[in-house]
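Per-entry structural report
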Amino acid sequence: MVCGGFACSKNALCALNVVYMTDVINASWWVMSNNTRDELERSFDCCGLFNLTTLYQQDYAFCTATCKSQSPTCQMCGEKFLKHSDEALKILGGVGLFFSFTEILGVWLAMRFRNQKDPRANPSAFL
């Protein structure tokens with residue numbers, strides 16, 4: 001069971017690569033309402049998701065972020081989302097590995113000290 005926790009945290013770091021995260025972000029972007037997209041574009045100061053489809057031009061045309069008025073081109077939101085999610089996953093992976101190693105330490109301590117006799121007990125008593 002201990003190695004299961006370690007393997008899960010290690011596999012979570014390895015499995016979430018850029019292609020998978022791009023697919024998840026792309027799928028969730030098109031499910032969002034227009035108000036949610038506008039809020040994300042304003043809060044992250046970016047326009048559109050990825051420049052992979054013709055829908056990017058429509059997103060860019062309706063963008064209300066401040067970067068659009070300040071410079072001729074804005075950074076795409078997909079790049080910022082990938083960078084932000086990569087940082088969050090690194091932190092989550094570190095936390096998962098920390099708890100995995102403390103779990104291993106707990107099992108080792110339990111195995112080490114579980115069969116010790118109580119020094120205050122009667123020495124002639126069985127266990």
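Quantities reported herein were computed from a predicted structural model and do not represent experimental measurements. (Residues numbered from 1 in each chain as written. Predicted model: local features only at pLDDT ≥ 70, side-chain atom pairs only at ≥ 80, totals over all residues. Heavy atoms only, no water.)

A few points about the overall build of the chain
- Looking only at helices and strands, one finds 6 helices and 0 strands in the chain.
- When the helices and strands of the chain are read in sequence order from the N terminus, they spell out α-α-α-α-α-α.
- For the chain, the residues scored as buried account for 22% of the 127 residues in total.
- Within the chain, contacts between residues at least 6 apart in sequence are counted, and of these 57% link residues at least 24 apart.
- Carbon and sulfur atoms make up 64% of the accessible area of the chain, which amounts to about 9400 Å² in all. (Helix = DSSP H or I, 4+ residues; strand = E, 2+ residues; numbered from the N terminus. Buried < 20%, exposed > 50% of the residue type's maximum accessible area, 1.4 Å probe, protein only. Contact = heavy atoms within 4.5 Å. Areas by Shrake-Rupley, 256 points an atom, 1.4 Å probe, with all protein chains shown as cover.)

A word on the state of the cysteines
- Inspection of the entire model under this criterion finds 1 disulfide.
- Across a sulfur-sulfur distance of 2.0 Å, Cys46 and Cys77 are joined as a disulfide pair. One disulfide, between Cys46 and Cys77, carries an S-S torsion of 100 degrees and so falls in the right-handed class. One end of the pair, Cys46, is in the loop between α3 (34–44) and α4 (55–61); the other, Cys77, is in helix α6 (residues 77–113), and 31 residues separate them in sequence.
- Taking the relative accessible area as the measure of exposure, Cys46 reaches 0% and is therefore buried.
- A relative accessible area of 0% places Cys77 in the buried class. (Disulfide = S-S within 2.5 Å.)

Points about the side chain of Arg37
- Its place among the elements puts Arg37 in helix α3.
- Residues within four places of Arg37 in sequence aside, it is in contact with Trp29, Trp30, Met32 and Asp59.

With respect to unusual backbone geometry
- The residue Asp45 is not glycine, and still its phi comes out positive at about 55 degrees.
- Inspection of the secondary structure assignment puts Asp45 in the loop between α3 and α4.

Considering the environment of Phe81
- Residue placement: Phe81 occurs in helix α6.
- Note: C-alpha distance between Phe81 and Thr22 (59 residues apart in sequence) is 9.0 Å.
- Non-local contacts of Phe81, meaning those with residues more than four positions away in its chain, are made with Ile25, Trp29, Leu40, Phe44 and Leu49.

Points about the packing of α3 against α6
- It is the contact of α3 with α6, at a shortest axis distance of 11 Å, that shows an interaxial angle of 70 degrees. The orientation of α3 with respect to α6, classified from their angle, is roughly perpendicular. Of α6, the residues touching α3 (which contributes Leu40, Glu41 and Phe44) are Cys77, Lys80, Phe81 and His84.
- Here the contact of α3 with α6 is composed, by residue class, of 4 nonpolar, 1 polar and 2 charged. (Axes fitted to C-alpha atoms, helices over the stretch in contact; angles between N-to-C directions. Parallel < 35°, antiparallel > 145°, perpendicular 65-115°, else oblique. Nonpolar A, V, L, I, M, F, W, Y, C, P; charged D, E, K, R; others polar.)

Some details on a nonpolar patch on the surface
- There is a patch of nonpolar side chains on the surface, built from Ile91, Val95, Phe98 and Phe99 and spanning about 430 Å² of accessible area.
- Among the secondary structure elements, Ile91 is positioned in helix α6. (Patch = residues over 30% accessible without salt bridge, like charges linked within 9 Å, V, L, I, M, F, W, Y side chains within 5 Å. Salt bridge = Lys/Arg side-chain N within 4 Å of Asp/Glu carboxyl O.)

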